[in-house]
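Here is how the chains run, residue by residue.
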Amino acid sequence: MSDTQVKQQGTGAYYGQAIASFVVALSATAIGIFYLDASGWVRAFLAIGVLYLTTSAFTLAKVIRDKQEAGQIVSRVDQARLEKILAEHDPFQKL
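Bear in mind the structure is a predicted one, so any value in this text is a computation, not a measurement.

(A) Inspection of the overall build of the protein at higher detail. Scanning the protein from N- to C-terminus turns up two helices and zero strands. Against the compact-globule benchmark of 12 Å for 95 residues, the protein has a radius of gyration of 25 Å, which places it well outside the compact range. Out of the 95 residues in the protein, the part that is buried amounts to 2%. For the protein, the accessible surface area stands at approximately 9000 Å², while carbon and sulfur atoms represent 66% of it. For the protein, the separation between the mean place of its 9 positive charges and that of its 8 negative charges on side chains is 5 Å.

(B) Highlighting the packing of aromatic side chains. Under the criterion given, the structure shown has three aromatic pairs. Ring geometry for Phe34 against Tyr35: centres 5.1 Å apart, planes inclined by 80°, an arrangement best described as edge-to-face. The exposure classification of Phe34 matches that of Tyr35, with both residues exposed.

(C) How the structure looks around the packing of helix α1 (residues 12-34) against helix α2 (residues 40-88). α2 packs onto α1 with a crossing angle of 165° between their chain directions and a minimal axis gap of 9 Å. By the angle between their axes, α1 is roughly antiparallel relative to α2. The hand of the α1/α2 crossing is right-handed. Along the contact surface, α1 presents Phe22, Leu26, Thr29, Ile33 and Phe34, while α2 presents Arg43, Leu46, Ala47, Val50, Thr54 and Phe58. Of the residues assigned to the contact of α1 with α2, the class counts are eight nonpolar, two polar and one charged.

(D) Structural detail: the pattern of salt bridges. Taken as a whole, this structure holds two salt bridges when the rule is applied. Arg65 is paired through a salt bridge with Asp66; the nearest N and O atoms lie 3.1 Å apart. A relative accessible area of 42% means that Arg65 is categorised as partly exposed. Residue classification places Asp66 among the partly exposed positions, given a relative accessible area of 29%.

(E) How the structure looks around the environment of Ala47. Looking at the element boundaries, Ala47 is found in helix α2. In this structure the C-alpha to C-alpha distance between Ala47 and Arg81, which are 34 residues apart in sequence, comes to 52 Å.

(F) Representation of the side chain of Thr54 in the model. Tracing the backbone through its elements, the reader meets Thr54 in helix α2. A relative accessible area of 17% means that Thr54 is categorised as buried. Setting aside anything within four residues of it in sequence, one finds Thr54 in contact with Phe22 and Leu26.

What counts and how
Residues numbered from 1 in each chain as written. Predicted model: local features only at pLDDT ≥ 70, side-chain atom pairs only at ≥ 80, totals over all residues. Heavy atoms only, no water. Helix = DSSP H or I, 4+ residues; strand = E, 2+ residues; numbered from the N terminus. Rg over C-alpha atoms; globule rule 2.2 N^0.38 Å. Buried < 20%, exposed > 50% of the residue type's maximum accessible area, 1.4 Å probe, protein only. Areas by Shrake-Rupley, 256 points an atom, 1.4 Å probe, with all protein chains shown as cover. Lys, Arg positive; Asp, Glu negative; His and termini not counted. Charge placed at Lys NZ, Arg CZ, Asp CG, Glu CD. Phe/Tyr/Trp six-rings, centres within 6.5 Å; stacked < 30°, edge-to-face > 60°. Axes fitted to C-alpha atoms, helices over the stretch in contact; angles between N-to-C directions. Parallel < 35°, antiparallel > 145°, perpendicular 65-115°, else oblique. Left-handed = near helix turned anticlockwise from the far one by under 90°. Contact = heavy atoms within 4.5 Å. Nonpolar A, V, L, I, M, F, W, Y, C, P; charged D, E, K, R; others polar. Salt bridge = Lys/Arg side-chain N within 4 Å of Asp/Glu carboxyl O.

Encoded structure:
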């Protein structure tokens, strides 16, 4: 009677592609800033902006993941309570 959900696992290729994509994007941006025809202050400002954007993106992803995991835990507890009530219920018992 218990329907346990199968947790989706990413493959090694998926993780590799995600890491490679991140490295390529960050490297291309860094190279673009380095070769930009602007003063050192402008390049430094853009580099700090890219680093801030990167850390903010990681933080946002972590917050979203934590919220989703918390929702799954509540759902599992509710499901366990429902299964316990259904298991203890006797439909032929007189009221």
